Structures are given as structure tokens and as C-alpha cells.
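Summary of structural features
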Amino acid sequence: MKLHSMEIPLGKVVITLILLTCIPLLLKKSPVMKEPKGSLSSATTTKNGNSTKCDIFTGEWVPNEEAPYYTNRSCWKIHEQVNCMKYGRPDMDFLKWRWKPDGCELSTFNPSQFLEIVRDKKLAFISDSVGRNQMQSLICLLSAVEYPIDVSYRPEDYFKRQGYLYKTYNFTLASFWAPFLVKAEEDDPNGPSGTGIFGLHLDEPDESWTTKIDKFDYIIFSDSNWFHRPLMYYENGHLIGCQFCGIQNMTDYPISYGYQRAFRTAFKAILGRKNFKGVTYLRTISPSHYEDGVWNKGGNCLRKKPFRNSEMTLDGDDLDLYKAQMKEVKAAQREGRDRGLKFRVIDTTQAMLLRPDGHPSRYGHWPEENVTRPNDCVHWCLPGPIDSWNEFLLEMLKKERVLAHVFE
């Protein structure tokens, strides 16, 4: 099943005509762009230079001999668990692909252009470790122009909050650790599966990030991996049920229940911040690719090349989580219009569903190391297919700037 970003017209025909007239003048050779519903699905240029409109999130992976654009030697920010080159991954063919939207081209990431767009601005990732994976990719892509200064908070909080300053551009990049988005407490460090069991207060946002976002111009939300573990659910301070807890006489909810309510609470928290004026991006789920077992029972990801669209279909829990995300972001968009707040979608799901070859597998550690996850089919090698997420981000930031000029 192909997952298309959702198109919402800007409204009046007059506004559309103004956009179509003004945008080429503002960007010169840049493509004509429109604002869809939720996701600013890009309009880009074709190979012959003509402008066209297309959904950048629907396409195929095609060969690209020019990649990669950095290595583990040129970028110091690659986390050990995704440093596949360092730990001896023997095949490098997984690096030689680029995302090709149907009917148009997605521009290769331009670090100078990105830094000019975000000059004097602040961007934050609010997420789990896969979101941090994207931030590290962004730092590596930008390193061709400038290395940031580490301006992180106190050392003891480094895991939860990180900050980087690109001094030449006065651009601040930050990350906030929020694997559940809502208030969470570890009820049992072991839990039924040995990974701990957390209690989630589904109607209470996690204040570790909600109280910090007012000063940011862009925030990028993404979460899903931690919702696959045993969880206890609380609403209005009362235990209402659980997920994968195995407790008798306890309501056992499907995985999408707590997930959807967590995003609903997070979006409401943003809408309730009177001083927040930034743009919120939802980055959709990134499917894992375990085969022949789950993550802690022999599952692995050993494929060497991408799937074609016709070979893969999003289904099961991944499809339920994707639908839950999209339902809540559309509701936030409707409410946000009344306040002038923008909610966008970076729909990476279809592209990443097709990349079983892009995970570290066992190449995120030395063979003799005792690690919790021996085969990692959740995170993404750096460099690797996750770099395309920042190409999506840049394309959307370009259009955001254009729309800002049009409506000034």
C-alpha cells in the first residue's frame, strides 16, 4: 500500500493564483510550490529544468553513484551504534541510492542553503533515539560547511538534552529526549519482557520539553519505538489499563491506543503554549525490518538492497500507528488555524519501509561486546538512507520561507 501525504487546499482560488505567480519570482530557478494539507508535499524540478508539482514522499529508490556525502572520518557526530563503517560492515552498496519522487526530482541536500534558511533561528528534535539519529545525520550533512559548538546543558543532563550552535549563522540545533511525549514513570525496571514497564499518564504532557519550546522556530516530533514495550496507562490520575502487561483482569489495549492519545496530548500542549509561534513538523513512523524473529529472539536485517514499491505493504501495528499519527496531526492542523500555528508532516514512512538494507544489524558494535540489542534493525547507518529525511526537511523549509514571503 502506498502512503501518500495528504493534500489540503489553501482555500480561496485567489490565494492559489497568487502563490503560483509569486513563488517562481521569489525562488527564480526553484520550483513552483503549493501548500498541502498538513505536509507541504513538495513541488520540485524535473531533469529538464521545468517546474512541476508532485508528492516528494511517493516514489522509489534509484541508484546514486555520487553518495555518500560524508563518512565516519569526516563527521565526528556519528553515534557508535550507527557507525556501520567503523564496525566493519562489508557491503557499501546500501549507500549508493537516492530517493526519487514520482514525476519530479528531490534536490540533493545543500548545506549552505539550509544554513542560510535557518540563520538566526532555533530547531529542536523532540523524540526518541531514532529522532536523534536524524539530528546526527543533519550535523554530518552540515559539516561540509561548518561544525557546531556544543552548547549542551549540564553534563548530567546530556542524554536528555543536547544543544549545538552554528556560530556563523547564529543557528541553534537541539534535541529533547521524549520517547513517550507524555509524562512517564518506570513502574518496574524488569517488567514482563525484561525491558522494564513504564506508566504513561496519557493526558499529561512531558514538561521536560513542553516548557522549553517557546523560543524555537521549528520543532520536529517523532516517536514510536518505545510504544512496543509493556506499558501501564493512566488517565486523570487513575490506572485504566495496560499494553502487553499480562496482568489478569486488566484491560489490555492495542498498541495504537496509548500512542494516539500521547500524540493528542502533545499536540494540545503545543496549542496551549501562548508564546510558541513556531512550525511543528510530525515525522511519521520509521518501520523496523526484523526478519526470522523479534529483536531479542534472533531477528535480524541482512538484505542488501531496497525493496520496490510493489514488493512491500505497510500493515499490522505499523499501519495502525501511522493512521493514529495522521489522525491526530490533522486535528491539530484544524485547531492550529485558529491560532495561526502550523503543523506539517514529513512523511518518511513509505520511503523507509523500502529500506531493509539501511540498518546497522550487527555492525553497531564489536562482535565480542555484550549489548542489549545484538542486531539493530530500528536505527539507521550513518551515512545511509536516513540522510534523505533531511533532504525532505530542507525542501519543506524552502517552501515555508516562500509562503512566509507571500503572506507578509
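Scroll up to find the structure.
Here's a quick rundown of the structure.

Calculation criteria
All residue numbers refer to position in the chain's written sequence, counted from 1. Per-residue local features are limited, in this predicted model, to residues with pLDDT of at least 70; the limit for side-chain atom pairs, both in listing and counting, is 80 or more; totals at the level of whole chains, interfaces and linings are taken over all residues. For side-chain calculations, the full set of non-hydrogen atoms in the structure is used, while hydrogens and water are omitted. Helix and strand labels come from DSSP, where a helix needs a run of H or I of at least four residues and a strand needs a run of E of at least two; each type is numbered from the N terminus. Here, a strand pair is defined by DSSP locating no fewer than two bridges between the strands. Whether two residues are in contact is decided by their heavy atoms: any pair within 4.5 Å suffices. Axis definition: a line fitted to C-alpha atoms, limited for helices to the stretch in contact. Angles are taken between N-to-C directions and run from 0 to 180 degrees. With a 1.4 Å probe rolled over the protein chains alone, any residue whose accessible area is under 20% of its type maximum counts as buried; one over 50% counts as exposed, and the rest are partly exposed. Centres within 6.5 Å make a pair out of two Phe, Tyr or Trp rings, where for Trp the six-membered ring is used; the pair is then stacked when the planes are under 30 degrees apart, edge-to-face when over 60, and tilted otherwise. Take a side-chain nitrogen of Lys or Arg and a carboxyl oxygen of Asp or Glu: if they are within 4 Å of each other, that pair is a salt bridge. We define the nonpolar core as a collection of buried residues of types Ala, Val, Leu, Ile, Met, Phe, Trp, Tyr and Cys that are connected through side-chain atoms lying within 4.5 Å of one another. His residues and chain termini do not enter the charge count, which takes Lys and Arg as positive and Asp and Glu as negative. When two cysteine sulfur atoms lie within 2.5 Å, the pair is treated as a disulfide. Patches here: salt-bridge-free residues with over 30% relative accessible area, like charges joined within 9 Å, nonpolar side chains (Val, Leu, Ile, Met, Phe, Trp, Tyr) joined within 5 Å. Shrake-Rupley sampling with a 1.4 Å probe provides the accessible areas, and residues are treated as covered by the protein chains on show and by no other component. Think of each charge as sitting on NZ of Lys, CZ of Arg, CG of Asp or CD of Glu.

1. Quick notes on unusual backbone geometry
In this model, Ala67 is joined to Pro68 through a cis peptide bond whose omega is 5°. By the element assignment, Pro68 lies in the loop between strand S1 (59–63) and strand S2 (97–101). One non-glycine residue, Leu181, adopts positive backbone phi at about 70°. Locating Leu181 in the fold gives a position in the loop between strand S6 (171–177) and strand S7 (182–188).

2. Observations regarding the sheet that holds strand S5 (residues 161–166)
With mixed pairing, 7 strands are arranged side by side in an open sheet as S4-S5-S6-S3-S9-S12-S13. Two strands bound the open sheet, and with one partner strand each, they are strand S4 (149–150) and strand S13 (342–346). Relative to S6, helix H3 (residues 129–142) is tilted by about 160°, and along the sheet it contacts strand S3 (122–127), S5, S6, strand S9 (218–222) and strand S12 (279–283).

3. Describing the pairing of S5
For S5, a buried count of 5 out of 6 residues is recorded, marking the element as mostly surrounded by other parts of the structure. Of the strand pairs in this sheet, S5 and S6 are connected by 6 bridges, and their pairing is antiparallel. Note on S6: the bridge partner recorded for Gly163 is Ala174. Hairpin connection between S5 and S6: a loop of 4 residues separates the two successive antiparallel strands, and Asn170 in this loop has a positive phi of roughly 50°.

4. Focus on the packing of aromatic side chains
How two aromatic rings sit relative to each other is set out by the distance from centre to centre and by the angle between their planes. Counted under the stated rule, the structure contains 24 aromatic pairs. Summarising the aromatic geometry, the rings of Trp76 and Tyr164 are spaced 6.5 Å apart at their centres and angled 55° between planes, so their arrangement reads as tilted. On the criterion of sequence distance, the pair formed by Trp76 in the loop between S1 and S2 and Tyr164 in strand S5 is long-range, its members being 88 residues apart. With 5.0 Å between their ring centres and 85° between their planes, Trp209 and Phe221 make a pair best called edge-to-face. Here Trp209 is found in helix H4 (residues 207–210), whereas its partner Phe221 is found in strand S9, with 12 residues between them in sequence. As far as the burial class goes, Trp209 and Phe221 line up, both buried.

5. Some details on the sheet that holds S7
Taken together, the 4 strands give an open sheet; going across it, the order is S7-S8-S10-S11, and neighbouring strands pair in mixed fashion. Two strands bound the open sheet, and with one partner strand each, they are S7 and strand S11 (238–243). Sheet twist, expressed as the mean angle between neighbouring strand axes with direction ignored, is 25°. The sheet contact formed by S7 and strand S8 (residues 197–205) spans 6 bridges and is antiparallel. Paired with Ala184 across the strands is Leu200, a residue of S8. Across the sheet, helix H5 (residues 255–271) touches S7, S8, strand S10 (231–235) and S11, and the angle it forms with S8 is around 40°.

6. Considering the pattern of salt bridges
Overall, the coordinates contain 16 salt bridges when judged by the stated rule. Across the pair Glu80 and Lys86 runs a salt bridge whose closest N-O atoms are separated by 2.7 Å. Connected through shared salt-bridge partners, Arg89, Asp91 and Lys304 make up one network.

7. Side note on the nonpolar core
If you look at soluble globular proteins, the nonpolar side chains tend to sit buried side by side. Residues Phe114, Phe171 and Leu173 are the most contacted members of the largest nonpolar core, which totals 50 residues. The element that contributes the greatest number of residues to this core is H3, accounting for 7 residues. In this structure, Phe171 is in contact with Phe114, Leu115, Val118, Asp120, Lys121, Leu123, Leu142, Tyr164, Leu165 and Tyr166, ignoring residues within four places of it in sequence.

8. Concerning the side chain of Asp128
Locating Asp128 in the fold gives a position in the loop between S3 and H3. One buried charge, Asp128, has no salt-bridge partner; the nearest side chain with opposite charge is Arg283, at 4.9 Å. What Asp128 contacts, discounting residues up to four positions off in sequence, is Trp177, Ala178, Pro179, Ser222, Asp223, Ser224, Asn225 and Trp226.

9. Here's the deal with the state of the cysteines
A full pass over the atoms with the stated rule returns 5 disulfides. Between Cys54 and Cys104 runs a disulfide, and the two sulfur atoms are separated by 1.8 Å. Highlighted residues: Cys54 in the loop between helix H1 (13–27) and S1 and Cys104 in the loop between S2 and helix H2 (111–117), separated in sequence by 50 residues. Take Cys104: its relative accessible area is 2%, and that puts it in the buried class. Each bonded cysteine in the protein chain gets a number by its place in the sequence, and the pairs come out as 1-4, 2-5, 3-10, 6-7, 8-9.

10. Quick look at the environment of Asp188
You can see Asp188 is positioned in strand S7. What makes Asp188 partly exposed here is its relative accessible area of 31%. When near neighbours in sequence (up to four residues on either side) are disregarded, Asp188 contacts Gly196 and Ile197.

11. Structural notes on a negative patch on the surface
A cluster of acidic residues, Glu185, Glu186, Asp187 and Asp188, forms a negative patch at the surface. Of note, Glu186 is situated in strand S7. We classify Glu186 as partly exposed; its relative accessible area is 44%.

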